[in-house]
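Coordinates in review
Here's the letter readout for the chains.
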Amino acid sequence: MLNSVLSIAAPLILAAVAGYLPFRAGILNIGLEGLMALGAFFGFIAAAASGFWLMGVLAGSLAGAMAAAFFAWTVLRLEANIFLSGLGLNLAAAGFLGIASQMAFGTKGVLRPAILNTSRTFPPDHGIIPVLAAGFAFTALMLIMRKTRWGHRVIAAGEAPETLENLGHPVKMMRFQTLVLSGIGCGAAGALLALDIGAYVPNMTGGRGWIALVALYIAGKSPLGLLATVLLFSAANATATVLQGMTGIPDSLLLASPFLITFLGLVAAGALRTLAESRQRRKERDLTANEVRG
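Heads up: these notes are all about the structure in this document. Since we're looking at a predicted model, the values are computed, not measured. (Residues numbered from 1 in each chain as written. Predicted model: local features only at pLDDT ≥ 70, side-chain atom pairs only at ≥ 80, totals over all residues. Heavy atoms only, no water.)

With that settled, consider the packing of aromatic side chains. Applying the stated rule across the entire model yields 5 aromatic pairs. Taking 5.1 Å as the distance between ring centres and 90 degrees as the angle between the ring planes, the aromatic pair formed by Phe41 and Phe42 counts as edge-to-face. In this structure Phe41 comes out as buried when scored by relative accessible area, which is 2%. You can call Phe42 partly exposed: its relative accessible area is 30%. Relative to Phe96, the ring of Phe42 lies with its centre 6.3 Å away and its plane at 25 degrees, an arrangement referred to as stacked. Taken together, the residues span a long stretch of sequence, with Phe42 in helix H2 (residues 32-50) and Phe96 in helix H4 (residues 82-105) at a distance of 54 residues. Taken together, Phe41, Phe42, Phe96 and Tyr200 form an aromatic cluster joined through their ring pairs. (Phe/Tyr/Trp six-rings, centres within 6.5 Å; stacked < 30°, edge-to-face > 60°. Buried < 20%, exposed > 50% of the residue type's maximum accessible area, 1.4 Å probe, protein only. Helix = DSSP H or I, 4+ residues; strand = E, 2+ residues; numbered from the N terminus.)

Structure follows, in structure tokens:
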């Protein structure tokens, strides 16, 4: 059960960590799903062609970085709407991968090493690699955000952008850097997802990028809260898989239950956040009223 939870959680943690950096810098990367899909496609091809899983991770990271850089350019330089640009990235990635797969391999379906005219396979212990990568990425995130000047500048870009500009650090450059790093992380997550099953499957990300965005919203600024949210979803997903056929509950409902839990968590987080903001405004009004009377 624990192995199943960790296997489900690993790519989600990588995507959530990747999304956390621009989120703290004051910009939301809506394109996590598309970046993961690009990483899965190019990562699998590179790993299958070379027979070395690390080449796949590097290729997936590069693909994610290039797409994220273009996304950042449209948002920061051209000042395009970030939500429309992010949705466009997700849709464009899905369309591009279908066309590229058809043109290169004659199919829009599942790609296996044999279709690349190679018999090379991935190492038998590749399943532990995504888990180790996720653990490393989360630990690095904690250290960077708490212990480094660059991490503090990322936080300042989101919370005090004018102050950061006055200190000589362009806010747009900080946000550009976090978006590119986000692309690298998502590309690696997608590549590791493909390597874990030894094939590229269309739509194999399965909404993981969107789940990572929901986890970011629920957790807010807390990295530990982000980790807890991802692990909760993964545990629910693994439990639903185990319970299939063991209860009278329809399998379709069991498989949907983790997403339902995530949705309820999103609603609850939004309600609590609204309540906290309402209380804060009430306190400010009371304080202002007292000052006027005084």
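Past the structure itself, the notes keep going.
Scanning the entire structure with this criterion turns up 3 salt bridges. Note that Glu159 and Arg24 form a salt bridge whose closest N and O atoms lie 3.0 Å from each other. Pair noted here: Glu159 is in helix H6 (residues 149-159) and Arg24 is in helix H1 (residues 2-24), with a separation of 135 residues, a long-range link. Of the charged contacts, one joins Lys221 and Glu159 as a salt bridge, the two residues approaching to 3.1 Å between their closest N and O atoms. (Salt bridge = Lys/Arg side-chain N within 4 Å of Asp/Glu carboxyl O.)

Inspection of the secondary structure assignment puts Asp196 in helix H8 (residues 171-197). Taking the C-alpha atoms as reference points, Asp196 and Ser7, separated by 189 residues in sequence, lie 8.9 Å from one another.

Purely geometric stuff here, so don't read any function into it on its own.
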